[in-house]
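Spelled out from the first residue to the last, the chains are:
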Amino acid sequence: MRILSYTFETSIEFSSPVHDHDFVLRCMPRTRPGTQTVLDAHVMIAPNGPLGKQVDGFGNILRVGRARAPHTTFAFASSGMVVVNGEVGTGDAQQEAWVHPVFLQPSKLAAADEALAALATSIRYSVESDIGLDDDAESRAWNVALALSQAIHAQMKYETGVTNVNTTAAEAFALGAGVCQDFSQVLVAACRSVGIPARYVNGLMVGEGATHAWVEVHDGRVWRGLDPTNDRVVDDGYITFCHGRDFLDIPIERGVFKGNAAQEQSVIIRVTDQASRKI
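Residues numbered from 1 in each chain as written. Predicted model: local features only at pLDDT ≥ 70, side-chain atom pairs only at ≥ 80, totals over all residues. Heavy atoms only, no water.

J.: What's the story with the overall build of the protein in this structure? I'm lost.
T.: Tallying secondary structure elements over the protein gives five helices and 14 strands in all. Seen through its principal axes, the protein has C-alpha atoms that stretch 65 × 40 × 35 Å. Per-residue burial over the protein gives 46% buried out of 279 residues. Accessible surface for the protein amounts to roughly 12800 Å². Of this, 50% is attributable to carbon and sulfur atoms. (Helix = DSSP H or I, 4+ residues; strand = E, 2+ residues; numbered from the N terminus. Buried < 20%, exposed > 50% of the residue type's maximum accessible area, 1.4 Å probe, protein only. Areas by Shrake-Rupley, 256 points an atom, 1.4 Å probe, with all protein chains shown as cover.)

J.: When you look at the confidence of the model for the protein in this model, what are you seeing that I'm missing?
T.: Caution applies to low-pLDDT parts of the model: their predicted coordinates are not meant to be read in detail. Per-residue confidence for the protein averages 92 on the pLDDT scale, and 93% of its residues sit at or above 70. Counted against residues more than four places away or in other chains, residues 90–95, with its pLDDT under 50, gives 11 contacts. (pLDDT = per-residue confidence, 0-100. Contact = heavy atoms within 4.5 Å.)

J.: Honestly, the sheet that holds strand β11 (residues 232–233) in this entry has me stumped. Any pointers?
T.: Backbone hydrogen bonds hold the strands of a sheet together, and the pairing may be parallel or antiparallel. The five strands lie next to each other as β11-β10-β9-β8-β12, forming an open sheet whose pairing is antiparallel. If you trace the sheet from one side to the other, it starts and ends with β11 and β12 (238–244), each paired once. Judged from the six bridges that link them, strand β8 (residues 198–205) and strand β9 (residues 212–218) form a sheet pairing that is antiparallel. Bridge pairing in β9 links Y200 to V215. The strands that helix α3 (residues 137–155) touches are β9, β10 (223–227) and β11; relative to β10, the one it contacts most, it runs at about 15°. (Pairing = 2+ DSSP bridges. Axes fitted to C-alpha atoms, helices over the stretch in contact; angles between N-to-C directions.)

J.: Would you take a moment to explain the state of the cysteines for this structure?
T.: Note on terminology: a disulfide is the covalent bond linking the sulfur atoms of two cysteines. Evaluated as defined, the whole model comprises zero disulfides. Note on C27: no disulfide assigned, nearest cysteine sulfur contributed by C242 at a separation of 8.4 Å. Summary of cysteine pairing: C191 is not part of a disulfide, and the nearest cysteine sulfur, belonging to C180, is at 17 Å. Owing to a relative accessible area of 0%, C191 belongs among the buried residues under this scheme. (Disulfide = S-S within 2.5 Å.)

J.: Honestly, the side chain of T163 in this entry has me stumped. Any pointers?
T.: As for its placement among the helices and strands, T163 is situated in the loop between β6 (157–158) and α4 (169–175). In this structure T163 comes out as buried when scored by relative accessible area, which is 16%. Of note is the side chain of T163, whose polar atom sits 2.6 Å from the side chain of D182. (Polar contact = N/O pair within 3.5 Å; in protein donor to acceptor, adjacent residues only side chain to side chain.)

J.: Any chance you could explain the packing of aromatic side chains here in plain terms?
T.: What characterises a pair of aromatic rings is the spacing of the ring centres plus the angle enclosed by the ring planes. Under the criterion given, the structure shown has 10 aromatic pairs. For the ring pair Y6 and F241, a centre distance of 6.1 Å and an interplane angle of 65° mean the geometry is edge-to-face. With Y6 in strand β1 (residues 2–25) and F241 in strand β12, this residue pair connects regions lying 235 residues apart in the sequence. We note that Y6, like F241, is buried. Each ring, one from F103 and one from W223, has its centre 5.6 Å from the other, and the planes form 85°; the classification is edge-to-face. Note that F103 is positioned in the loop between α1 (93–96) and α2 (114–131) and W223 in strand β10, a separation of 120 residues in sequence. By the burial criterion, F103 is buried, and W223 matches it. Ring pairs connect the aromatic residues Y6, F8, F23, F74, F76 and F241, which therefore count as one cluster. Residue placement shows R199 over the ring face of W223; its charged tip is 3.9 Å from the ring centre. A cation sits over an aromatic face here: R224 above W142, 4.1 Å from the ring centre. (Phe/Tyr/Trp six-rings, centres within 6.5 Å; stacked < 30°, edge-to-face > 60°. Lys NZ or Arg CZ within 6 Å of the ring centre and 35° of its normal.)

Okay, here's the thing in structure tokens:
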């Protein structure tokens, strides 16, 4: 495990003043038994004002508020310290054994088309043939998900500017390119198409200068993380903010305001290991 400190700063510049700006922020980690323990977490906003705290239907922490007065800049900063456990399959198995059916169903951005479903089915049969049906269900589900993640990483190219936040998994897979959001939604859709519960996750990763997205699959016992963008199993270099069905459930920032203004956003992220080596 590791102790990671993080700072996540976002600034949104408006081309003309806006007001009555209602916003929802999903930029705080929460303690997840066996996976991460939050030691400290704070959020600050500018213009300064009261921040409410809520929890959404997935258990994610929300910070909500309103900036009433006219402003041309809206900024928020999240910072804290988290103990992250990097062991695969950790957690309270008794508490996590039941999975909500929503993570088995296609969602707006994470639905498999015929081509993606065919890939997933082919890989499932191949993996199950290799490992044998005598293996326990948890091993089969995990090995299928791992093989799917590796195949998606191999077939897709990381490329910015070719997709957007509304691009579906099927569209990104057909294009063969995208960013971490696309890689993750493709894997989520593929897993669900062969009966493996999967959810979309966002947060921070050591070495990344932007927010990152990955996937958690349920092996029948616990949730386990896969990062198809980087072709790796999620370890103690990741801080989880939120999870949902796909990106649309968990944008870091969402807001509405009065005023006719264009927006330009900048983000600064730092994730630092608090020890010189793993503990």
